[in-house]
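Overview (structure and organization)
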Amino acid sequence: MRTVELLERAVAAAERLGYEIRHEYLAGSGGGCCEFGGRKWLFIDLALSTEEQLDQVVQALRSEPRAVFADPSPELRRLIGRRAA
């Protein structure tokens, strides 16, 4: 599966898990997930490459116990299950 497709699936999975998604130009210095106002937010930095954006979303999904059930794609499930070294 292509990186763009994986990114789209990962963003959709995050939305299913209750994240509000914001695509913002953060000059490569930000992004990631946080919670405020009683809502979960995921900021995706548009200054980053597609691979780096995917990594931002996957990092957020790894913090969610139900994430591996949010998308049936084996590729995305493997990425979520893989821990950073």
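Quick look at the structure, then. (Residues numbered from 1 in each chain as written. Predicted model: local features only at pLDDT ≥ 70, side-chain atom pairs only at ≥ 80, totals over all residues. Heavy atoms only, no water.)

Strand order in this open sheet of 3 strands is β1-β3-β2, and the pairing throughout is mixed. Each of the sheet's edge strands pairs with one partner strand only, and the pair in question is β1 (19-24) and β2 (32-36). Adjacent strand axes in the sheet meet at a mean angle of 25°, parallel and antiparallel pairs treated alike. Bridge count between β2 and strand β3 (residues 39-45): 5 bridges; the pairing is antiparallel. Its bridge partner lying in β3, Cys-33 is registered against Leu-42. (Pairing = 2+ DSSP bridges. Helix = DSSP H or I, 4+ residues; strand = E, 2+ residues; numbered from the N terminus. Axes fitted to C-alpha atoms, helices over the stretch in contact; angles between N-to-C directions.)

Attention shifts here to the packing of helix α2 (residues 50-62) against helix α3 (residues 74-81). Where α2 contacts α3, the two axes come as close as 8 Å, and the packing angle between them is 70°. Relative to α3, α2 is oriented roughly perpendicular. Here α2 runs over α3; the crossing is right-handed. Seen from α2, the contacting residues are Leu-54, Val-58, Leu-61 and Arg-62; seen from α3, they are Leu-76, Leu-79 and Ile-80. Looking at the contact of α2 with α3 residue by residue, the class counts come to 6 nonpolar, no polar and 1 charged. (Parallel < 35°, antiparallel > 145°, perpendicular 65-115°, else oblique. Left-handed = near helix turned anticlockwise from the far one by under 90°. Contact = heavy atoms within 4.5 Å. Nonpolar A, V, L, I, M, F, W, Y, C, P; charged D, E, K, R; others polar.)

On to the nonpolar core, then. If you look at the biggest cluster of nonpolar residues, it comprises 20 residues, and the most contacted ones within it are Tyr-19, Ile-21, Leu-42, Val-57 and Leu-61. Per element, the largest residue contribution to this core is 6 residues, and it comes from helix α1 (residues 3-16). The residues contacting Val-57, other than those within four sequence positions of it, are Leu-7, Ala-10, Val-11, Leu-42 and Ile-44. (Core = buried A, V, L, I, M, F, W, Y, C linked by side-chain atoms within 4.5 Å. Buried < 20%, exposed > 50% of the residue type's maximum accessible area, 1.4 Å probe, protein only.)

Across all of its chains, the model carries 2 aromatic pairs by this definition. Taking 5.3 Å as the distance between ring centres and 10° as the angle between the ring planes, the aromatic pair formed by Phe-36 and Trp-41 counts as stacked. For Trp-41, a relative accessible area of 13% puts it in the buried group. Taken together, the ring pairs in this structure connect Phe-36, Trp-41 and Phe-43 into an aromatic cluster. One cation-aromatic arrangement involves Lys-40 over Tyr-19; the distance from NZ or CZ to the ring centre is 4.9 Å. (Phe/Tyr/Trp six-rings, centres within 6.5 Å; stacked < 30°, edge-to-face > 60°. Lys NZ or Arg CZ within 6 Å of the ring centre and 35° of its normal.)

Structurally, Arg-62 is set in helix α2. No salt bridge forms around the buried Arg-62; measuring N to O, its nearest opposite-charge neighbour Asp-55 is 5.0 Å away. There is a polar contact of 3.3 Å between the side chain of Arg-62 and the backbone oxygen of Ile-80. (Lys, Arg positive; Asp, Glu negative; His and termini not counted. Salt bridge = Lys/Arg side-chain N within 4 Å of Asp/Glu carboxyl O. Polar contact = N/O pair within 3.5 Å; in protein donor to acceptor, adjacent residues only side chain to side chain.)

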